[in-house]
Amino acid sequence: MNFKIKILSILVLLSLNCFAMETEDNSDPVSKFEPASQLYQILGTEAQMTLGIPKEKHLPIKQFHYMPGALAMALPNAIIVNENVQNISYGIKRCTMLHEVVHVKHHDAQFFLDLKEKDNVIELEEEEHRIRENRADIQGCYAAQCFMCVHEFSKARPENYDQQGYLTSGQVLKIAEELKQQNKICAYHSN
Ligand SMILES: [Zn+2]
Ligand SMILES: [Zn+2]
């Protein structure tokens, strides 16, 4: 499994456990998280509608501050956003929400939880991470239907090939170019 993802997953799980212990409550700690700010609520709802998640299955968008280096993560029962990450452009926020909702659509978080129950799956896990991050980036960028959003999002992606499966900034810019040719632009960027 990729080192960065592994560390991040462990840190998030540890923080979730600490939170549960602090509140001396065995119920799901995520249910007690504060809702994320209004813009993330709007973008999260928009993303879930765009990607065809039925309204009754929409996940709440919550704040979670203990994800070093990560802006958001899709859990089985919530999308959590790290609002400590500052100076993030609108396009990065919007495409990130779309990326997370692609994970929701394909039940990626649950898939990895189920996978953890099995033995000797590290290689499979690495490969599945690559496939699922790659799919979330590609489907998320096209779902944005805005060349400006996707252009901004390219700054949140690595310059070179990434083992975790994320698109490179160059690959994201190619999608932005394609959307530009089709004059795709969102309401925010057309004003
Ligand atoms: Zn992802
Ligand atoms: Zn836009």
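Above this text is the structure in question.
In this report, the structure presented in the accompanying data block is examined.

About the cut-offs
- Residues numbered from 1 in each chain as written.
- Chains lettered and ligands numbered in written order.
- Predicted model: local features only at pLDDT ≥ 70, side-chain atom pairs only at ≥ 80, totals over all residues.
- Helix = DSSP H or I, 4+ residues; strand = E, 2+ residues; numbered from the N terminus.
- Expected span 1.5 Å × (residues − 1).
- Buried ≥ 20, exposed ≤ 12 C-beta atoms within 10 Å, placed from the backbone.
- Contact = placed C-beta atoms within 7 Å.

Relative to the 22 Å expected for 16 residues at 1.5 Å per residue, helix α3 (residues 90-105) spans 22 Å between its end C-alpha atoms, a close match to the ideal helical length. Across the 16 residues that make up α3, a large majority, 13, are buried. One or two residues past the end of α3 sits H107, with phi positive at roughly 55°.

Let us now look at helix α7 (residues 169-181). An ideal rise of 1.5 Å per residue puts 18 Å on 13 residues; α7 measures up with 18 Å between its terminal C-alpha atoms. On the buried face of α7, the contacting elements are α5 (122-144) and α6 (147-153). A positive phi of about 55° marks N183, the residue just after α7.

The phi dihedral of N87 is positive, around 55°, even though this residue is not glycine. Within the element layout of this structure, N87 appears in the loop between β3 (79-81) and α3.

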